[in-house]
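# Working through the structure, step by step
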Amino acid sequence: MKIITQVPILILIAISLISCRTTTNKEYPTNNLENTEDNPNSEKKRMEIKFSCGEDGISEYLDVGWNILKEESQEKICTWKSVPATKDCNMEKDKGCKITKPDKIGEEKTYLLEK
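We now turn to the structure provided with this report. The structure presented is a predicted model; accordingly, all values stated were derived computationally and were not measured.

Quick notes on the rules
- Residues numbered from 1 in each chain as written.
- Predicted model: local features only at pLDDT ≥ 70, side-chain atom pairs only at ≥ 80, totals over all residues.
- Heavy atoms only, no water.
- Disulfide = S-S within 2.5 Å.
- Helix = DSSP H or I, 4+ residues; strand = E, 2+ residues; numbered from the N terminus.
- Buried < 20%, exposed > 50% of the residue type's maximum accessible area, 1.4 Å probe, protein only.

## Points about the state of the cysteines
Two cysteines joined by a covalent bond between their sulfur atoms form a disulfide. For the structure on display, the rule yields two disulfides. A disulfide bridge connects Cys53 with Cys78, and the sulfur atoms are separated by 1.9 Å. Of note, the bridge from Cys53 to Cys78 carries an S-S torsion of about -105° and is left-handed in sense. With Cys53 in the loop between β1 (46–52) and α2 (58–63) and Cys78 in strand β2 (residues 67–84), the pair connects residues that are 25 residues apart, well separated along the chain. A relative accessible area of 34% places Cys53 in the partly exposed class. Cys78 gets classed as partly exposed once you look at its relative accessible area, which sits at 27%. Bridging Cys89 to Cys97, the disulfide has an S-S length of 1.5 Å. As the torsion about the S-S bond is roughly 65°, the Cys89-Cys97 disulfide counts as right-handed.

Below, the structure written as structure tokens:
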């Protein structure tokens, strides 16, 4: 009877040991690494950055050699404010009568950069 209850445990241990073997890196063989600056045909780097609510740091990226491929902009709520739902509402005592509304609406710009 003991042997019958130990068989499933042994099977589970065997399966876990078989599945924990080491993997070899066959998909990504190691080649001589080439410096991307020396190779003119190397793949270009791309990056997407976002600036919102009056921030604008795109000039920092342009100064170091990034080029703008695509620029998009959309409205975004920058800050929120809480207002009472009615004139009689005390927002500090009754939290259920507080309404949150957009305070300042700005613009979010998304840049797709390439170097």
